[in-house]
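Residue-level listing of the chains:
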Amino acid sequence: MKKLYTFLILLALPLGMMAQDIQHVSVQYCFGVGTGSTGDFISKASFRGISLDYKNFGYSDKVALGLDFGWNTFFKKADYDTYTSDDGSTSISGTQYRYLNVAPMLATVDYFFQSSESYVRPFAGLGIGTMFSTRTVDMGLYRFETDKWHFAMKPQAGIWVGFDDATKFSLTAEYMYGAKTKDTDSRQYFMLNAGLVFTPN
Amino acid sequence: MFTAKMLRWQLGFVLALLFGGCYPTAPTYVEDYDMVLTNYNQSFDFSAHKTYALPDSIIKITGSTDLDPDGNDEPDFIDQDAAELVLDQIRANLNANGWTETDSLTADMIILPSVFQNTQVVYYYDWWYWGWYYPGYPAGGWGWYYPGYAPYPSVSSYKTGSLLIQMTYPDGFDSQDNMPVEWTCVVNGLLEGGQASINSRVKKSIDQAFTQSPYLK
């Protein structure tokens, strides 16, 4: 019962003092699942990811302009198989170790449906910017690696839940899309992020 | 209030979750390193050239800049038992494909197996290594060329040692004294693990090289 009371008190915390907080920084753990060509390359989910986000409410209490930095690693061991080049002259058989490292850097704008005085603040927004990707295939003695910068964008939606006047829990879903380049496929994946938001002193 | 100390704790926690870094898992078993690459000249008619010659030894290239460090005027060779295992497997596959073994003076194709024990395969190694075997070898030395194809894929780096098998066509000598290599095979990862395992994987990998080269039939 004591725990229930504690929980209810936490839920009822008045957070009016948050109003003066303009800047917020969040650190989140990111879980990702590749889709499209990324999912074809590595179908396994990524449990290695981190994001560092900054949001500024200086323009409006409900509109945040920000910057998102992230990093995810996707990995898959593909069973022994034979791969043949498009022209048919080269065939390689072996077990592939596939890696994809992606690091998006996006400018964001988010609309918060509740004011900063609310304990729970759902939001939705967009990000646009760039993404650096490294696609690696290890096969026997060979390492095939491609590094590329992509134009990147994402829609996202999430929720902040306040702990106290300066700390919140954050849960975000986003779909990251790095456009294809002349040499590489697009990089696209769905992400679920969970972490903490704080107000720097 | 959220403090700098809490931030450090949080960052440490998240970084600990990430632990494995950019390349979280490496191959666990020796077999995972086994790889077979084949490459060939698509303009060459293998069906019209089905006699071959094989040496009775396999040269070993260590990567030393001194071609003949022991001064015996011969290259180093791999262990003869291992060489015979490789040569017998090549022979068995070619014969199964309807090829006929003959001597090096009359063969359509001369097959040159070499083992690179260091970090990478050198497709343009010194011709001197085969001077003891190849018919008509001139003192000046020759070079290799790979007609119509690049012998190696575009890669970022290499790992362990390999077996390189070059199928050469002595009648195709060009005016620059370059020897055409019509079929190239690289088998990687065979030199690690116990002997029984190595033997089994040598056979399997060489069989795979011919399986994925149906144009040799």
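How each quantity is defined
Residues numbered from 1 in each chain as written. Chains lettered and ligands numbered in written order. Predicted model: local features only at pLDDT ≥ 70, side-chain atom pairs only at ≥ 80, totals over all residues. Heavy atoms only, no water. Buried < 20%, exposed > 50% of the residue type's maximum accessible area, 1.4 Å probe, protein only. Helix = DSSP H or I, 4+ residues; strand = E, 2+ residues; numbered from the N terminus. Pairing = 2+ DSSP bridges. Salt bridge = Lys/Arg side-chain N within 4 Å of Asp/Glu carboxyl O. Core = buried A, V, L, I, M, F, W, Y, C linked by side-chain atoms within 4.5 Å. Contact = heavy atoms within 4.5 Å. pLDDT = per-residue confidence, 0-100. Expected span 1.5 Å × (residues − 1). Polar contact = N/O pair within 3.5 Å; in protein donor to acceptor, adjacent residues only side chain to side chain.

### A short note on the pairing of strand E6 (residues 109-116) of chain B
All names here are of chain B. For E6, the buried fraction is high: eight of the eight residues fall into the buried class. Relative to E6, strand E2 (residues 51-53) is paired through two bridges, and the arrangement is parallel. Bridge pairing in E6 places Ala53 opposite Ile110. As defined by bridge partners, E6 adjoins strand E9 (residues 162-168) across seven bridges and the pair is classed as antiparallel. Note that in E9 the partner of Ile111 across the bridge is Met167.

### Focus: the pattern of salt bridges
Oppositely charged side chains may form a pair once their charged atoms are brought near each other. If you walk through the whole model with that rule in mind, you get eight salt bridges over all chains. One salt bridge connects A:Lys55 with A:Asp110, and the closest N-O pair in it is separated by 2.7 Å. Residue A:Lys55 is located in strand E2 (residues 48-56), and its partner A:Asp110 is located in strand E4 (residues 90-112); the two are separated by 55 residues in the primary sequence. With relative accessibility at 5%, the residue A:Lys55 sits in the buried group. Put simply, B:Glu101 and B:Arg91 hold a salt bridge, and the shortest N to O gap is 2.7 Å. Taken as a pair, B:Glu101 in strand E5 (residues 100-101) and B:Arg91 in helix H2 (residues 80-96) lie far apart in primary sequence, ten residues in all.

### Quick look at the nonpolar core
It is characteristic of soluble globular proteins that their nonpolar side chains tend to be buried jointly. The biggest cluster of nonpolar side chains holds 31 residues, and the ones touching the most others in it are B:Phe46, B:Ile90, B:Leu94, B:Trp99, B:Met167, B:Trp183 and B:Phe210. Contributions of two or more residues to this core are made by strand E1 (35-40), H2, E6, E9, strand E10 (178-188) and helix H3 (195-211) of chain B. If one sorts the elements of this core by residue count, H2(B) sits on top with six residues. With sequence-adjacent residues up to four places away left out, B:Met167 is seen in contact with B:Phe46, B:Leu94, B:Trp99, B:Met109, B:Ile110, B:Ile111, B:Pro180, B:Val181, B:Glu182, B:Trp183 and B:Leu216. Membership of the second largest hydrophobic core comes to 29 residues, among which are A:Tyr142, B:Ile59, B:Trp127 and B:Tyr134.

### Considerations on the confidence of the model for chain B
Overall, the prediction assigns chain B a mean pLDDT of 81, with 76% of residues at 70 or greater. Our summary of model confidence lists the complex with pTM equal to 0.74 and ipTM equal to 0.80.

### Examining H2(B)
Residues and elements named next belong to chain B. With 17 residues, H2 extends 24 Å from end C-alpha to end C-alpha; this agrees with the ideal 24 Å at 1.5 Å per step. Taken residue by residue, H2 has Ala83, Leu85, Val86, Leu87, Gln89, Ile90, Asn93 and Leu94 as its buried positions. One side-chain oxygen at the N-terminal end of H2 lies 3.1 Å from the backbone nitrogen of Asp81; it belongs to Asp79. Gly98, located one to two residues past H2, shows a positive phi value of around 90°.

### With respect to the pairing of E4(A)
Within E4(A), 18 of the 23 residues are buried, leaving the element largely enclosed by the surrounding structure. Summarising the sheet, strand E3 (residues 63-84) of chain A and E4(A) pair through 18 bridges and their orientation is antiparallel. Counterpart to A:Phe74 in the pairing with E4(A) is A:Leu100. Counting the residues between successive antiparallel strands, the hairpin from E3(A) to E4(A) contains five residues, one of them, A:Gly88, with a positive phi of roughly 85°. As judged from the five bridges shared by E4(A) and E1(B), these two strands associate in the antiparallel manner. Bridge pairing in E1(B) places A:Thr90 opposite B:Asn39. Inspection of the sheet shows E4(A) paired to strand E5 (residues 120-139) of chain A by 16 bridges, in the antiparallel sense.

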